[in-house]
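Fold and contact review
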Amino acid sequence: MTVSSITRRRMIGGLAAGVGASSVISSDAFIGSARAQSAQKTFVLVPGAFYGAWSWRRVSDRLVKQGHRVYPLTLTGLAERSHLLSKDINLDTHIADIANIVEWEDLTDICLVAHSYAGYPASGALERIGNRVSSIVWVDALKPADGQSFRDQVPFQMEEGAISRPAPKALPPTAFNDPKDVAWVLSKVTPQPIGTWLQPVKLSGAREKVAKKTYIRLPKFQLAALDKAFADCKADKSWTAIENTTSGHSVMIAEPDWLTDLLLQAA
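In this report, we go over the structure that sits alongside the text. These figures come from a predicted structure and were not determined experimentally.

1. So, the side chain of serine 55
In this structure, serine 55 sits in the loop between strand 2 (42-46) and helix 2 (57-65). Here the side chain of serine 55 touches glycine 52 through a polar contact of 2.9 Å, landing on its backbone oxygen. Not counting residues up to four positions away in its chain, the partners in contact with serine 55 are Pro47, Met252 and Ile253.

Right, here's the structure in full:
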């Protein structure tokens with residue numbers, strides 16, 4: 001079933017009930033100022049490449065204000081952990097970053113949220129912590145198969161001996177409407193440890209066993225691998241597929257109210 005025109009009330013009811021059925025829900029369904037009312041939930045927020053926990057600040061502040069437990073992560077070698085950048089950081093390192101916060105904080109009934117590149121380490125972490133996760137939300141995130149690497153899906157040239165990919169010095173015109181957001185993001189991004197993009201992920205199907213799964217596609221950001229992930233989720237009745245045509249790739253920065261509402265319903 002494809003849902004192209006649906007009211008906000010009907011959309012929220014469907015998500016709350018865990019309806020998948022290959023539903024595609026447009027961002028128009030989320031326009032409005034009402035906030036979801038719900039019991040306390042636990043969120044683990046994983047940033048994409050070049051980003052850190054700072055990228056989730058607007059969403060995490062909103063969730064905390066509403067009484068939820070929120071753990072925005074910075075993966076090893078990035079942002080405030082950029083001093084740890086080394087040639088030894090690989091995908092396993094970032095998988096451990098996610099799994100360790102869950103295990104050391106004794107977290108259960110988690111909504112695991114992955115943005116962009118984080119679809120790789122989050123998928124890998126579910127192999128270890130899947131029994132603690134009740135829902136996942138892939139925010140324009142890659143959805144790898146067993147044995148794939150980030151470089152397989154997003155090819156790039158690599159300098160011999162490089163240990164990282166340089167942080168972007170500019171952003172696409174569609175990234176943000178507010179120039180202040182552009183300046184803020186560019187002041188925060190740090191190089192990405194290259195080993196995280198080269199190591200294949202090892203998966204046995206734990207991601208697909210999660211009971212409640214939501215995929216958000218932000219088509220202003222053009223990437224074939226994300227189009228494929230979205231198409232796969234639309235065709236899979238165990239996923240709810242949602243499309244937001246107004247935001248760029250970093251919806252947690254550009255439209256934090258929209259994403260906060262969605263996370264509360266998808267959790």
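2. Observations concerning the packing of helix 2 against helix 11 (residues 256-266)
Look at helix 2 against helix 11: their axes get within 9 Å of each other, and the N-to-C directions meet at 50°. Relative to helix 11, the element helix 2 lies oblique. Crossing geometry of helix 2 relative to helix 11 is assigned as right-handed. Each of Arg58, Val59, Arg62 and Leu63 in helix 2 lies in contact with helix 11, whose residues at this interface are Pro256, Asp257, Leu259, Thr260, Leu263 and Leu264. Partitioning the contact of helix 2 with helix 11 into residue classes produces six nonpolar, one polar and three charged.

3. Topic: the environment of leucine 84
With respect to the helices, strands and loops of the structure, leucine 84 is situated in the loop between strand 3 (69-72) and helix 3 (91-104). When near neighbours in sequence (up to four residues on either side) are disregarded, leucine 84 contacts Thr76, Gly77 and Ile89.

4. Concerning unusual backbone geometry
Positive phi outside glycine occurs at aspartate 106, with the angle close to 55°. Although it is not a glycine, aspartate 109 sits at a positive phi angle of roughly 50°. Turning to its location among the elements, aspartate 109 is positioned in the loop between helix 3 and strand 4 (110-115). Classification of aspartate 109 as exposed rests on a relative accessible area of 53%.

What counts and what doesn't
- Residues numbered from 1 in each chain as written.
- Predicted model: local features only at pLDDT ≥ 70, side-chain atom pairs only at ≥ 80, totals over all residues.
- Heavy atoms only, no water.
- Helix = DSSP H or I, 4+ residues; strand = E, 2+ residues; numbered from the N terminus.
- Polar contact = N/O pair within 3.5 Å; in protein donor to acceptor, adjacent residues only side chain to side chain.
- Contact = heavy atoms within 4.5 Å.
- Axes fitted to C-alpha atoms, helices over the stretch in contact; angles between N-to-C directions.
- Parallel < 35°, antiparallel > 145°, perpendicular 65-115°, else oblique.
- Left-handed = near helix turned anticlockwise from the far one by under 90°.
- Nonpolar A, V, L, I, M, F, W, Y, C, P; charged D, E, K, R; others polar.
- Buried < 20%, exposed > 50% of the residue type's maximum accessible area, 1.4 Å probe, protein only.

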